[in-house]
Amino acid sequence: MSEEKFEKAVIEKLKKEGWTYREDLSNKKAEVLEQNWREVLNDNNRIKLKDKPLSDNEFDKLKQELTHNKTPYDAQLLLAGAGGVGTLPLTRDDGSQLEIEIFYGDEVAGGHSRYEIVNQITFDKLPRTLGHNRRIDIMLLINGLPVGHVEEKDETRANQLSAFEQFQKYDSDGMYEGLFSFVQVMFVLSQHSAHYFARPKNATEYNREFLFGWRDDDGNDVTDAMVFIHQVMGIPALHRLVTVNMIPDADNDNVMVMRSYQIQATRAIMDRMRVMENNRFVEKEGGYVWHTTGSGKTVTSFKVAQLLASLPRVRHVLFIVDRVDLVNQTAENFKSFAYKTFEKRIQVVKGYELKKALKQKNGPSNIFLTTVQGLDKAVKTGLKSDERMVILMDEAHRSASGDAVAHIKNAFSKTTWFAFTGTPNFYSDDANDVKTTRAVSTYDVFGQRLHRYTIKDAISDQNVLGFDVSYYTPTIEKDADSDLTEKELEKAVYTSLPFREAVVEDIRDHWNENHSGPIEMGIREPNQFHGMLAVSGKQAVVAYYNLFKKLAPNLRVAMTYSRDEDNGMGSSDLQESLKSAINDYSTFYGTHDFFNDSDTERAYLTDVTKRIAHKKPYNRKLTAEQEVETPQRLDLIIVSDQLLTGFDSKYVNTIYMDKILKEGLLIQAMSRTNRTIDLSAKPHGKVRFFRKGEMMEDRVKQALMIYTQGGNDTQPNKDKLNKDTDEMEKDLITDDILAPKQAKQIQELIPQIEELKTMAGEDFSVNPRSEKEREQFVQLAADVNHSVQRLVQQGYNIGDEIDDVDENGNNNGKKIALNLADDNQFSALQARLNEVNGTLPPKRQIDLTNIQIAIDLYSREIIDYDRLVELINEYMKETVDTKRAEIEKHIAALSDSERNEIIEILDGIVSGKYRVAFNTETLDQTRKTVRSDHQELMIRRWADDHHLSGNAIITAYEDFLPGVGLNDNPKLKARLEQIENDEQLGFFQIADFEDGVQDFFAKL
């Protein structure tokens, strides 16, 4: 189906879903939508305006108000308004002052709200581009305000990505200003694919990680565009999407749009409440939401808390966590997500403060955040309430046992409980061979499961990563008496100095391979990721910290534990050890003195977590020299229990475990590593166990099966599949929950690499001839590059032989190696991939930014440059074919243009042009001269083809900066304007000239 036909089908479907197609406003310039908005304002504010429509001057004042919308966040605040009505202030020509109503958040599919579609709108006056006639596909208008922008593409992978880049281009051109600053959500549609994302705050913030697909209520992916339109873009769904389902993010001056599972979970809780409200019935066990760790439960729980607090019969919402540091962290997040009018209603309270607050019968409903321990203590000292309230419990798996919840339930007779957890507690499920050790399930404490989003779902959606798990058994554990009990093993082995030294040495010796970035042109940037070491108790934290200082002084290590964790030695000694570590940290990094803060440990922990998460002020990318002058990077954090839940950083890629965990707590700890970032750099979260490898391997598989399949929580689970254990374990790898064995990946890669060699030569020195073959090469080479990167990140060294495995993953006694000789041959493949990609038409190219940057940075390191100088000098002494062939083989990894530079120098040696032996500096200078001569010739040819002055274009090229737009390069802009004046170019010629010359310069 052509894009034109598809667009018509989209419009017809939207009409059936409640939208009105405005043909009279379509295929017009953007200004017509301003006049349409004016008519809507006059109509909706007729009574306020006393039937006197807005004058030109008054309407200009309203348009001027829109200039304050610098970001989607600003626009969202205007849409939300006060009391569900968005307004703009207006002083009328007669001096009277009004609040003009522009949006009705609460009037969904009724009241004043009107829903209109326009298409093929042309923008010819964009402020930040000289381009003309930017034309968009579809804009969705609510009350005349364009809140949704739709672009349609055909099914090709390149076009799907180009739609995302097209939005970014529109943004950089200045499209989303004035009336169009209200665009909140963007949609990329093709016939069998549909995605959406919140409009970023500026053109540099576009990130494909936040391009979301949609799952239906049963958790199935929605790929049919017409189904997607029905579920997401119809009325009232779209109205709710841009109001109820948008989250303002004050900390980042941005907005977030909720994902399908977040929306569905929120709706499930609200529907459950409405049933009780309508029937005047209170049920204490409201239900629980199972959303896997890393799926954004904080956003969901905030939205639920806010909506519940807005219900007329709900007096207050209590949000309960089980650690003091999580209370403050959650409160900061909640306030960041709240509108200013709601922010003061979010309060952190201790037990006695809650007692006082609940006695106040007037005032708005609030969201009180507290700990379960603090609330339990207050209940024991007499706190009771019979008011209608709601309790939301975070990380509910840790609270589904004990007496605290029972005490609180008894004290709050008219309170309904809802819970959020990434790892619910289940009973064993014998039918599905899921074994657990729980005596109480989450269902028993909180009621029915209202929504589920498992780790399998999240990995499928690329919201989190799977795991690459390895097991290392130090010799002292291998040699230990197998009859020793756990306690005896702890005393005899795990607390011993030899064991701990072996752990530290293993982490230290493999640090670079575990924490470096991907291979880009033969180079791996070290220390791109951080690690966590989880140990058994505070005493172990201190012991390991001291060992790292002794055995691995080059690693930057910190330690932390909370007051309520179990002690392994005297409390005073532990406090002194923590004080010493805090002093080490503040001295090394030059922070302020944490001991001057009212809560030293909290201030220290906040700084540490910001550093690991790369949050302000630690979000700068420093050079190696800057890191020496003002250290920013922290390599490893040693913990006991703290930070194993509730802490997220996409820059943590490995957790080392000197600790025995199981089921939910095990998954929680492993999940510290699985936040997404560049998949080539971090394809999986890494987990390395140092205790009882065989037992932990079984526990990992069992835990993952529990939290992909689900156990028995007494709720019928209609979508369970009866599979045997072996099949379920295979599914863990098939679904990318566990990384496949390296040998398996090599088996799949070998024929793919052979196919690439067939197309580009054994040394990847040849460009495929036809465009079709070049496109095939690029797609396959890009996939191979990604797969090899995964192998490298799992610890494989290119060229090494490793144990081969059979189809069941068992060693077969043979060896296998990737059919790439070394990093240099892999670099040659990357260089050829980049070269061939550049020969394709722009719409068929793929994004190879990282490889292109690496080629620029490391072009000297791609080959052995000193050896190249030796070979050229040997050729200068004796110009024979064998020596020339050796040089040509040596430079195979270089790009065509770089190889041609060397070939021209070799020809110059033959002709006698070069007679003096080279060193690295003179060879570089000679190459630059050759390159400059080539570029000058190409520039003069291009200028001649376009009837322009070659000298003028050469002068302009001197001011060209790759990747920098014309508006950010005033020198080049001035040069081009001079050429335009000299050549007397017309308005439309200017735009074509500026686009054309910059494209040409970029290729040079």
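No experiment lies behind these values; they were computed from the predicted model shown.

A. View of the side chain of Gln632. In this fold, Gln632 is placed in the loop between helix H24 (624–629) and strand S27 (636–639). Among the residues examined, Gln632 registers a relative accessible area of 9% and is labelled buried. Apart from residues no more than four positions distant in its own chain, Gln632 is found in contact with Arg556, Tyr589, Arg611, Pro617, Tyr618, Asn619, Arg620, Leu622 and Glu627.

B. Inspection of the sheet that holds strand S8 (residues 145–152) at higher detail. If you trace the 6 strands from one edge of the open sheet to the other, you get S1-S4-S7-S8-S9-S10, paired in mixed fashion. Edge positions in the open sheet fall to strand S1 (20–21) and strand S10 (193–198), since each of these has one partner strand only. Taken together, the 5 bridges between strand S4 (residues 115–119) and strand S7 (residues 138–142) define a ladder with antiparallel strand orientation. Residue pairing for S7: Asn119 is matched across the bridge by Ile138. Running over the sheet, helix H1 (residues 3–16) touches S1, S4, S7, S8 and strand S9 (185–190) and is turned about 170° from S4.

C. Inspection of the pattern of salt bridges at higher detail. This structure, assessed with the given rule, holds 56 salt bridges. With a closest N to O distance of 3.4 Å, Asp51 and Arg46 form a salt bridge. Arg46 gets classed as partly exposed once you look at its relative accessible area, which sits at 44%. Salt-bridge contacts for Glu576 lead to Lys579; the nearest nitrogen and oxygen are separated by 3.6 Å. Of the two residues, Glu576 and Lys579 are both situated in helix H22 (residues 571–589); the distance of 3 residues between them amounts to about one turn of the helix. One connected set of salt bridges, linked through shared partners, spans Arg215, Asp221, Asp457 and Asp461.

D. Region of interest: the pairing of strand S16 (residues 316–321). Burial runs high along S16: 6 of the 6 residues are buried. Burial of S16 is two-sided: the residues His316, Leu318 and Ile320 facing one way and the residues Val317, Phe319 and Val321 facing the other way are all buried. Here 5 bridges tie S16 to strand S19 (residues 389–393), and the two strands are oriented parallel to one another. Looking across to S19, one finds that Leu318 is bridged to Ile391. In this structure, S16 lies alongside strand S18 (residues 367–371), joined through 5 bridges in parallel fashion.

E. Spatial organisation of the packing of helix H34 (residues 896–911) against helix H35 (residues 920–945). Running from N to C, H34 and H35 point in directions that differ by 105°, and their axes come no closer than 10 Å. As the angle between them shows, H34 and H35 are arranged roughly perpendicular. Across the interface between the two elements, Glu898, Glu901, Ile902, Glu904 and Ile905 of H34 pack against Leu923, Thr926, Arg927, Val930, Arg931 and His934 of H35. Class assignment for the residues of the contact of H34 with H35 results in 4 nonpolar, 2 polar and 5 charged.

F. Inspection of the packing of aromatic side chains at higher detail. All chains considered together, the criterion is met by 34 aromatic pairs. Where Phe164 meets Tyr206, the ring centres are 5.8 Å apart and the plane angle is 75°; that geometry is what we call edge-to-face. Taken together, the residues Phe164 in helix H5 (residues 157–173) and Tyr206 in the loop between S10 and strand S11 (214–215) connect sequence positions 42 residues apart. Ring pairs connect the aromatic residues Phe187, Tyr196, Phe212, Trp214 and Phe228, which therefore count as one cluster. Sitting above the plane of the Tyr589 ring, Arg611 keeps its charged end 3.8 Å from the centroid. Against the face of Tyr618 rests Arg611, its NZ or CZ located 3.9 Å from the ring centre.

G. Structural context of the environment of Leu484. Tracing the sequence through the fold places Leu484 in the loop between helix H17 (475–478) and helix H18 (486–494). Placed 235 residues apart in sequence, Leu484 and Asp249 show a C-alpha to C-alpha distance of 53 Å. Leave out the neighbours within four places in its chain, and Leu484 touches Leu489 and Ala492.

H. Broad picture of helix H8 (residues 260–278). With 19 residues, H8 should reach 27 Å at 1.5 Å per residue; the first-to-last C-alpha distance of 26 Å fits that figure. The buried fraction of H8 is high, at 14 of 19 residues. One or two steps after H8, the chain reaches Arg280, where phi turns positive at roughly 50°.

Calculation criteria
Residues numbered from 1 in each chain as written. Predicted model: local features only at pLDDT ≥ 70, side-chain atom pairs only at ≥ 80, totals over all residues. Heavy atoms only, no water. Helix = DSSP H or I, 4+ residues; strand = E, 2+ residues; numbered from the N terminus. Buried < 20%, exposed > 50% of the residue type's maximum accessible area, 1.4 Å probe, protein only. Contact = heavy atoms within 4.5 Å. Pairing = 2+ DSSP bridges. Axes fitted to C-alpha atoms, helices over the stretch in contact; angles between N-to-C directions. Salt bridge = Lys/Arg side-chain N within 4 Å of Asp/Glu carboxyl O. Parallel < 35°, antiparallel > 145°, perpendicular 65-115°, else oblique. Nonpolar A, V, L, I, M, F, W, Y, C, P; charged D, E, K, R; others polar. Phe/Tyr/Trp six-rings, centres within 6.5 Å; stacked < 30°, edge-to-face > 60°. Lys NZ or Arg CZ within 6 Å of the ring centre and 35° of its normal. Expected span 1.5 Å × (residues − 1).

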